[in-house]
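Analysis of the macromolecular model
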Amino acid sequence: MTDCQGEGIGPVTTMELYEKLTAQGDKVRSLKTAKADKADVDAAIQLLLKLKVDYKGVTGQDYQAGCPPSDMAVSNNRQLGNGGEEDTVDPWNVATNSAKGVDYDKLIVRFGSSKIDQELVDRIEKVSGQKPHHFLRRGIFFSHRDMHQVLDAYEKQKSFYLYTGRGPSSQAMHVGHLIPFVFTKWLQDVFNIPLVIQLTDDEKYLWKDLTLEDCHRFAEENAKDIIACGFDVNKTFIFSDLDYMGSSPEFYRNVVKIQKHVTFNQVKGIFGFSDSDCIGKISFPAIQAAPSFSNSFPQIFKGRKDVQCLIPCAIDQDPYFRMTRDVAPRIGYPKPALLHSTFFPALQGAQTKMSASDANSSIFLTDTPKQIKNKVNKHAFSGGKDTIEEHRQHGGNPDIDVSFMYLTFFMEDDEQLEKIRQDYTSGALLTGELKKMLIDTLQPMITAHQENRKNVTDEMVKQFMTPRPLDFNF
């Protein structure tokens, strides 16, 4: 399930096949209800199964009742990657066989989103009056849904709000976790709008081998790292699902509305759930969807349900919001808009994203300068040649070099970054020198974050996490 509008459908025969399948499904149900002869039922089921195989062959998608063919990602969101190999992209797994990482252009096509092109970057600059963030300039945020619509409304003095989140599976966050928060803070600053941040401690309890108490404690610890990014307490509400669900009837009512409009079949198709998954997992997507609707936060929006939501997130979270966008008009709410980021690669290479569960794949926000230096020197995958002589002669490949990839995230100077690319490609810059540049960029950045975090008190966390009005008039 996604924006099930039949957008981007190929030939008419695809829709005809879908309609045949729907009719055959109805026929099977009718035969079963009428307690028809077993042979007739079996024959009807066999034809239904054959039509499903044909449908997947034509569309590349699993058939889902009530959802006409679209560009949604299917098969647990496994996408074709480079050279016909498969990229795995879902909310829990990211993997590719390409050293360059996931093929994001193909992902845009398969997910049915739109590329953030230069025209949109220029428009964001014009509407906001600010130079675009380097995440936009460099394609780190590369895909969107309905961003032009958000800007159209903003130009007509219709405000919007931001929603992003974090799944608190560990006490320490890594540098990759900062990406959506750094960008979200920039958006909040330039557009001067409210922000809600969801900490899905309930999700982590359902998916991980953790106690409920640990998940809630991790949420509060992660909130300190998020606050340390510099968010304004008068414009930002951070909430734990385990706390807010029980204290906000409006939020829970939206969860129930969403649950009623998503079938088990649909949620299995989107997320790949199996019959052995606990029922908490199956119902959780509605909880991640609910903050997309402004009346989930009556203390901020005074009960208004028409304030549009913009969600900056990594693209692996998109399945949740394709589901949300499908449900929204059916329950009388505007569809949330999205801005998608690329994945922050593991130190060992862009074949997978950085993971908090693998200490050697990650630079943690708690790491010392020495640990940062050792991790980069020991584990950061190099695009350089085997010997200095070869490297000087043939140059390195920045497209697969993790140190260069990280600099694209954290070095703000475009000209300096381009010079590093050229020098590394020509062989003038060696791998060890490139790694040193990254170390010199990361060490002060993480030290400064640690200093900011030290200043975040438990009382400040409580302020941010208390449901309350923000400094906006809705």
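Here goes a summary of the coordinates provided. (Residues numbered from 1 in each chain as written. Predicted model: local features only at pLDDT ≥ 70, side-chain atom pairs only at ≥ 80, totals over all residues. Heavy atoms only, no water.)

**A closer look at the pattern of salt bridges**
Condition: By salt bridge we mean one thing: a side-chain nitrogen of Lys or Arg within 4 Å of a carboxyl oxygen of Asp or Glu. Helix and strand labels come from DSSP, where a helix needs a run of H or I of at least four residues and a strand needs a run of E of at least two; each type is numbered from the N terminus. Burial here depends on accessible area, computed with a 1.4 Å probe over protein chains only, as a share of the maximum for the residue type. Under 20% is buried, over 50% is exposed, and the range in between is partly exposed.
Taken as a whole, this structure holds 24 salt bridges when the rule is applied. With a closest N to O distance of 2.7 Å, Lys419 and Asp423 form a salt bridge. Note that Lys419 and Asp423 are positioned in helix α19 (residues 414–426) at a spacing of four residues, about one turn of the helix. On the basis of relative accessible area, Asp423 is assigned to the partly exposed category, the value being 23%. Bridged by salt links that share partners, the residues Glu221, Lys224, Asp225, Arg453 and Asp458 form one connected network.

**Observations concerning the nonpolar core**
Put simply, the test is: Residue types Ala, Val, Leu, Ile, Met, Phe, Trp, Tyr and Cys, when buried and joined through side-chain atoms within 4.5 Å, form a set referred to as a nonpolar core. The contact rule is simple, with two residues in contact once any of their heavy atoms fall within 4.5 Å.
Within the largest apolar cluster, 68 residues are counted, with the highest numbers of intra-cluster contacts made by Phe141, Phe191, Ile238 and Ile363. Here this core gets nine residues from one element, more than from any other, and that element is helix α7 (residues 175–191). The contacts of Phe141, once residues within four sequence positions are left out, are Ile116, Phe135, Leu136, Ile179, Pro180, Phe183, Pro312, Cys313, Leu339, His340 and Ser341. Counting residues in hydrophobic clusters, the runner-up holds 37 residues, among them Val196, Phe237, Ile270 and Cys313.

**Details of unusual backbone geometry**
Phi at Asp146 is positive, roughly 65°, even though this residue is not glycine. In this structure, Asp146 sits in the loop between β5 (141–145) and α6 (147–155). Of the residues examined, Asp146 reaches a relative accessible area of 24% and is grouped as partly exposed. Positive phi, normally seen in glycine, also occurs at Gln157, with a value near 65°. By secondary structure assignment, the location of Gln157 is in the loop between α6 and β6 (160–166).

**Quick word on the pairing of β5**
In summary, the side chains of a regular strand alternate between the two faces of the sheet. Operational definition: One requirement defines pairing of two strands: DSSP has to find at least two bridges between them.
Judged by how many residues are buried, β5 sits mostly within the fold: five of five residues are covered. Bridging between strand β4 (residues 114–115) and β5 involves two bridges; their strand directions are antiparallel. The residue of β5 that forms the bridge with Lys115 is Ser143. Summarising the sheet, β5 and strand β10 (residues 337–341) pair through four bridges and their orientation is antiparallel. By the bridge assignment for β10, Arg145 is matched with Leu338.

**Describing α6**
Quick note on the threshold: Here, the arc refers to the directions that run from the helix axis to the C-beta atoms.
For α6, the complete set of buried residues consists of Met147, Val150 and Leu151. The buried side chains of α6 occupy one side of the element, clustering within an arc of 95° when seen end-on. Of the surrounding secondary structure, the elements contacted by the buried residues of α6 are α4 (118–128), β5, β6, α7, β9 (308–314) and β10. Backbone geometry just downstream of α6 places Gln157 in the positive-phi region, at approximately 65°.

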